[in-house]
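Residue-level structural notes
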Amino acid sequence: QAKNQVERLESVLASANSQLGKFTLTSPIYGVVDQIFANEGEILAPGMSSVARIVNTDHIKIRADVSERYLGKFNIGDEIMITFPSIDKNQTASISALGNYINPDNRTFGMTVYPKSTDADLKPNLLAIITAYDYRKDSAIVVPTKLVRNDGEGSYILTISNDEAGIPRVTKSPVKIEKSFLNATIINSGLDEGDIIITDGYNNVVAGDAVTIID
């Protein structure tokens, strides 16, 4: 009987201690109390009310929404560049995770990056710009995209070559494009290293015009 009474009292004590523990709020993370939302004496609904904001900048995570047109272009571990325009800072990092779900609202998938280093200037919700590279080539002939023209038969670039009399003339050089970007185009064939291309005044000449090269 004494044993049963002790066990019952121990159970009551454990229950009381459990109830007492509910009067103490414990944060699930280490950090700094940035803001307290609740007021003293206010009744809070469990799981529905925010009491305080805890901030920990030791483990910063950056998330970006990437257009679905880049599916398969990136891999975990790829090096990227992070720019924080508001604080004028840059750093390199690696892709930590890629989402497996396409958001139907904006047709994007998630990319997660953990910066290699953090400092006091990095704050939650700070704007970050991620520059990721979906195409790489060690060596290529590259020209400004604005110089590539198309006449319906294909792409070409205006170059300069000497005629039989040694006079420099405008030449229409057909080219094959490997990859085209906003400011630069990679030429797969049609140009050779050392070819002279017209970069200024290309709208004012046509194939066969005699030109003078000015250094």
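Each chain has its residues counted from 1, following the order in which its sequence is written. Local features are withheld for residues below a pLDDT of 70 in this predicted model, meaning they are given only at 70 or higher, and side-chain atom pairs are given and counted only at 80 or more; totals for whole chains, interfaces and linings count all residues. Water and hydrogen atoms were dropped before computing side-chain values, which therefore reflect all heavy atoms in the structure.

1. A short note on the side chain of Gln91
Worth spelling out the cut-off: Only DSSP runs of H or I reaching four residues or more are called helices, and only runs of E reaching two or more are called strands; each is numbered from the N terminus. Note on exposure labels: buried denotes an accessible area under 20% of the residue type's maximum, exposed denotes more than 50%, and partly exposed covers the range between, all computed with a 1.4 Å probe on protein chains only. Between N or O atoms, a polar contact is any pair within 3.5 Å; within protein, one atom must be a potential hydrogen donor and the other a potential acceptor, and residues adjacent in sequence are included only when both atoms are from side chains. Here a residue-residue contact requires only that any non-hydrogen atoms of the pair lie within 4.5 Å.
Structurally, the position occupied by Gln91 is in strand β5 (residues 89–98). For Gln91, a relative accessible area of 15% corresponds to the buried category. Only 3.2 Å separates the side chain of Gln91 from the backbone nitrogen of Lys116, close enough to count as a polar contact. For Gln91, the contacting residues outside a window of four places in its chain are Ile80, Met81, Ile82, Phe84, Pro115, Lys116 and Ser117.

2. Quick word on the sheet that holds strand β13 (residues 184–189)
Keep this limit in mind: Whether two strands pair depends on DSSP finding at least two bridges between them. The axes are straight lines fitted to the C-alpha atoms, using for helices just the contacting stretch, and the angles between their N-to-C directions are given from 0 to 180°.
Across the sheet, which stays open at both edges, the three strands sit in the order β8-β13-β12 with antiparallel pairing between neighbours. The sheet is open, and its two edges are formed by β8 (141–144) and β12 (176–180), each paired on a single side. Strand after strand, the sheet turns through a mean of 40° between neighbouring axes, direction not considered. Across four bridges, β12 lies against β13 in antiparallel orientation. Of the residues in β13, the one forming a bridge with Lys179 is Ile186.

3. Quick notes on the packing of aromatic side chains
Formally: To pair, rings of Phe, Tyr and Trp, with the six-membered ring standing in for Trp, must have centres within 6.5 Å; the planes then decide the type, stacked if under 30 degrees apart, edge-to-face if over 60, and tilted in the middle. Geometrically, a charge over a ring is one whose NZ (Lys) or CZ (Arg) sits within 6 Å of the ring centre while staying within 35 degrees of the ring normal.
This structure, assessed with the given rule, holds two aromatic pairs. Taking the centre distance of 6.0 Å and the plane angle of 50° together, the rings of Tyr135 and Phe181 count as tilted. Of this pair, Tyr135 sits in the loop between β7 (129–131) and β8 while Phe181 sits in the loop between β12 and β13; the two residues are 46 residues apart in sequence, bridging distant segments of the chain. For Tyr135, a relative accessible area of 24% corresponds to the partly exposed category. When its relative accessible area of 34% is taken as the criterion, Phe181 is described as partly exposed. Against the face of Tyr156 rests Lys172, its NZ or CZ located 5.2 Å from the ring centre.

4. Focus on the pattern of salt bridges
Close approach of charged atoms allows side chains of opposite charge to pair. Going by this rule: A pair is scored as a salt bridge if a Lys or Arg side-chain nitrogen falls within 4 Å of a carboxyl oxygen belonging to Asp or Glu.
Within the structure shown, the criterion is met by seven salt bridges. Between Glu178 and Lys137 there is a salt bridge; the shortest N-O distance is 2.7 Å. Residue Glu178 is located in strand β12, and its partner Lys137 is located in the loop between β7 and β8; the two are separated by 41 residues in the primary sequence. A residue is classified by how much of its surface remains accessible, and Lys137, at 41% relative accessible area, is partly exposed. In this structure, Asp151 engages Lys172 in a salt bridge whose closest nitrogen and oxygen atoms are separated by 2.8 Å. Residue Asp151 is located in the loop between β9 (149–150) and β10 (155–162), and its partner Lys172 is located in strand β11 (residues 168–174); the two are separated by 21 residues in the primary sequence. Owing to a relative accessible area of 37%, Lys172 belongs among the partly exposed residues under this scheme.

5. What about the nonpolar core?
We count it as follows: In this description, a nonpolar core means a group of buried Ala, Val, Leu, Ile, Met, Phe, Trp, Tyr and Cys residues linked to one another through side-chain atoms lying within 4.5 Å.
Counting 13 residues, the largest nonpolar core has Ile62, Ile80, Ile82, Met111 and Val113 as the members making the most contacts within it. Taken together, the elements giving at least two residues each to this core come down to β3 (62–67), β4 (79–84), β5 and β6 (108–113). Core analysis: the next-biggest nonpolar cluster, separate from the first, contains nine residues, Tyr156, Leu158, Tyr202 and Val211 among them.

6. Regarding empty space enclosed by the protein
Applicable threshold: In this analysis, the protein atoms alone were mapped onto a 1 Å grid. Cavities are point sets where a 1.4 Å probe fits without being able to get out; pockets are open sets with protein on both sides within 12 Å along at least five of seven lines; lining residues have an atom within 4 Å of a point. Grid points are joined across faces, edges and corners, and a volume is the space filled by probe spheres set on the points. Ten residue types, Ala, Val, Leu, Ile, Met, Phe, Trp, Tyr, Cys and Pro, are classed as nonpolar, four, Asp, Glu, Lys and Arg, as charged, and the remainder, Gly among them, as polar.
Applying the stated rule across the entire model yields one cavity of 30 Å³ or more. Roughly 30 Å³ of internal volume is contained in the largest cavity. If you trace the largest cavity, you find it lined by Leu147, Arg149, Ile157, Leu158, Ile198 and Tyr202. For the lining of the largest cavity, the residue count by class is five nonpolar, no polar and one charged.

7. Looking at the confidence of the model for the chain
Our working rule: The predictor reports its confidence for every residue as pLDDT, a score running from 0 up to 100.
Per-residue pLDDT for the chain averages 88, and the proportion of residues at 70 or more is 100%. Element-level mean pLDDT values for the chain span from 88 in β9 up to 95 in β6.

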